Amino acid sequence: QKEVEQDPGPLSVPEGAIVSLNCTYSNSAFQYFMWYRQYSRKGPELLMYTYSSGNKEDGRFTAQVDKSSKYISLFIRDSQPSDSATYLCAMSSYYNAGNNRKLIWGLGTSLAVNP
Amino acid sequence: GAVVSQHPSWVICKSGTSVKIECRSLDFQATTMFWYRQFPKQSLMLMATSNEGSKATYEQGVEKDKFLINHASLTLSTLTVTSAHPEDSSFYICSARDGTSRDTQYFGPGTRLTVL
């Protein structure tokens, strides 16, 4: 079993829809959770960062972490064609050693928002 | 803030030559930088972690003699692909951690390497 599972999609929605993207994980030590957006042939861009459980909102984006279920979500409201990209979840454990603490990545979900 | 640049953005080289890719943090000091490679429609694969002034830590299966990493300053890390072969063709991306936000990494735009 992979440490982080993410459905690669593709996910296709009409413009204006609410998009729900999810990742599950198996390591209960993960405490830091991130969502990145990656456009084709570009480096990933940090969208949301959450520590431990709870919700975090930034504009049209909401990140949720449910540590009891080992499940994280990213919601996009009023989706736009410009949101079409690959969304990657990433997470890490506080207990990884020192500065070499690395992120564990999901495969990424490809999203297409159709006008 | 938190801008990372990479140079070059793309490179084509002949088999057997070496290619150097630079990664710079432009507006912050990066004590730790990471090098990834990414194949089409696949996720990021961490190659190595480099800390300023010390040897890089390579992931299992990554040849340290082939992928030379130097992190000479708090704003610059370089990846040199030595004796490149066509199977080394890939998208190479660096990221940097600013040391203030735990575990968030800021990525460069990537370098597309094509080895003929």
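This text goes with the structure placed above it.
In this report, the structure presented in the accompanying data block is examined. What you see is a predicted model, and the numbers here were worked out from it, not measured in a lab.

It is worth spelling out the overall build of chain A at this point. When its secondary structure is counted, chain A shows zero helices and eleven strands. Taken from the N to the C terminus, the helices and strands of chain A come in the order β-β-β-β-β-β-β-β-β-β-β. Along the three orthogonal principal directions, the C-alpha set of chain A runs to about 45 × 30 × 25 Å. Here chain A holds 115 residues, and 43% of them are scored as buried. Sequence-distant contacts in chain A: of pairs separated by 6 or more residues, those separated by 24 or more amount to 56%. Surface accessibility of chain A: about 5,600 Å² in total, with carbon and sulfur atoms responsible for 48%. On chain A, the mean spot of the 11 positive side-chain charges and the mean spot of the 10 negative ones are 8 Å from each other.

Often, the extent of an interface is quoted as the loss of accessible area upon association of its parts. Counting residues at the interface gives 22 residues for chain A, matched by 23 residues for chain B. For the pairing of chain A and chain B, the buried interface totals around 1,900 Å² over both sides, and the portion due to carbon and sulfur atoms is 48%. Joining chain A to chain B, the criterion identifies zero salt bridges. Linking chain A with chain B are five residue pairs in polar contact (both at pLDDT 80 or more). Among the secondary structure elements, those contributing two or more residues to the side of chain A that touches chain B are strand 4 (30-38), strand 5 (45-51) and strand 9 (85-93) of chain A. Examining the composition of the side of chain A that touches chain B, we find that four residues originate from one element, strand 4 of chain A, more than from any other. Grouping the amino acids of the side of chain A that touches chain B by side-chain chemistry returns eleven nonpolar, seven polar and four charged.

Time to look at the state of the cysteines. Residues and elements named next belong to chain B. Applying the stated rule across the entire model yields two disulfides over all chains. As a non-bridged cysteine, C13 has C94 as the owner of its nearest cysteine sulfur, 18 Å distant. Overall, C13 belongs to the buried group, its relative accessible area being 8%.

Further remarks concern the side chain of H71 of chain B. All names here are of chain B. Take H71: it is sitting in strand 7 (residues 67-73). Assessed through its relative accessible area of 4%, H71 is described here as buried. Within the local environment of H71, its side chain forms a polar contact with the backbone oxygen of A30, the two atoms lying 3.3 Å apart.

Here we come to the environment of I69 of chain B. Residues and elements named next belong to chain B. Along the polypeptide, I69 turns up in strand 7. Along the sequence, I69 and A48 sit 21 residues apart, while their C-alpha atoms lie 8.2 Å from each other. Among residues more than four places away in sequence, those in contact with I69 are W35, A48, S50, A56, Y58, S77, T78 and L79.

For any pair of aromatic rings, the description consists of the separation of the ring centres together with the inter-plane angle of the planes. Taken as a whole and judged by the stated rule, the model has eleven aromatic pairs over all chains. Centre to centre, the rings of Y25 of chain A and F30 of chain A are 5.8 Å apart; their planes meet at 55°, and the pair counts as tilted. We classify Y25 of chain A as buried; its relative accessible area is 5%. Seen from their ring centres, F28 of chain B and Y106 of chain B are 6.0 Å apart, and the 65° between their planes marks the pair as edge-to-face. Highlighted residues: F28 of chain B in the loop between strand 3 (19-25) and strand 4 (32-38) and Y106 of chain B in strand 10 (residues 105-107), separated in sequence by 78 residues. With relative accessibility at 18%, the residue Y106 of chain B sits in the buried group. The rings of Y36 and W105 of chain A together with Y36 and F107 of chain B are connected pair by pair, giving a single aromatic cluster. The ring of F67 of chain B has K66 of chain B lying over it, and the distance from NZ or CZ to the ring centre is 6.0 Å.

Residue and element names in this part refer to chain A. A sheet is described by the order of its strands in space; here five strands give the open sequence 1-3-8-7-6, paired in antiparallel fashion. At either end of the open sheet lies a strand with only one pairing partner, and these are strand 1 (4-5) and strand 6 (54-58). Where strand 7 (residues 61-66) lies against strand 8 (residues 71-76), six bridges are found, and the strand directions are antiparallel. Among the inter-strand pairings, V65 is bridged to a residue of strand 8, identified as I72.

Within the largest apolar cluster, 26 residues are counted, with the highest numbers of intra-cluster contacts made by F67 and L113 of chain B. Secondary structure elements with two or more residues in this core: strand 2 (10-13), strand 3, strand 4, strand 5 (45-51), strand 7, strand 8 (76-81), strand 9 (90-97) and strand 11 (111-115) of chain B. Beyond its immediate stretch of four places on either side in the chain, F67 of chain B contacts R37, M47, Y58, V62, L79, T80, V81, D88 and Y92 of chain B. Grouped together as the second largest cluster of nonpolar side chains are 25 residues, V13, V65, Y87 and L111 of chain A included.

Definitions and cut-offs
Numbering of residues starts from 1 in each chain and follows the order in which that chain's sequence is written. Written order decides the labels, with chains lettered from A and ligands numbered from 1. Only residues with pLDDT of 70 or above have their local features reported here, since the model is predicted, and side-chain atom pairs are shown and tallied only from 80 upward, although totals for entire chains, interfaces and linings are computed over all residues. Think of the side-chain values as coming from all heavy atoms in the structure, minus any hydrogens and water. Secondary structure follows DSSP: runs of H or I at least 4 residues long count as helices, runs of E at least 2 residues long count as strands, and numbering of each begins at the N terminus. Burial classification: accessible surface area is computed with a 1.4 Å probe over protein chains only, and a residue below 20% of its type maximum counts as buried, one above 50% as exposed, and the rest as partly exposed. We call two residues in contact whenever any of their non-hydrogen atoms come within 4.5 Å of each other. For the accessible areas, the method is Shrake-Rupley and the probe is 1.4 Å, while residue cover comes only from the protein chains on display. In this tally Asp and Glu are treated as negative and Lys and Arg as positive; neither His nor the chain ends contributes. For this purpose, a charge sits on NZ of Lys, CZ of Arg, CG of Asp or CD of Glu. By definition, the buried area sums, over both parts, the 1.4 Å-probe accessible area that each loses when the two are put together. Here, a salt bridge means any Lys or Arg side-chain nitrogen found within 4 Å of an Asp or Glu carboxyl oxygen. Contacts described as polar in this section are N or O atom pairs within 3.5 Å, which, within protein, must combine one atom able to donate a hydrogen with one able to accept it, while residues neighboring in sequence count only if both atoms come from side chains. Classification used: nonpolar for Ala, Val, Leu, Ile, Met, Phe, Trp, Tyr, Cys and Pro, charged for Asp, Glu, Lys and Arg, polar for all others including Gly. Pairs of cysteine sulfur atoms within 2.5 Å are identified as disulfides in what follows. Pairing of aromatic side chains here covers Phe, Tyr and the six-membered ring of Trp, requires ring centres within 6.5 Å, and sorts the geometry by plane angle: under 30 degrees stacked, over 60 edge-to-face, intermediate tilted. Definition used: whenever NZ (Lys) or CZ (Arg) falls within 6 Å of the ring centre and also within 35 degrees of the ring normal, the charge is taken to sit over that ring. Each pair of strands is called paired provided DSSP finds at least two bridges between the two strands. Residues enter a nonpolar core if they are buried and are Ala, Val, Leu, Ile, Met, Phe, Trp, Tyr or Cys, with the set joined through side-chain atoms within 4.5 Å.

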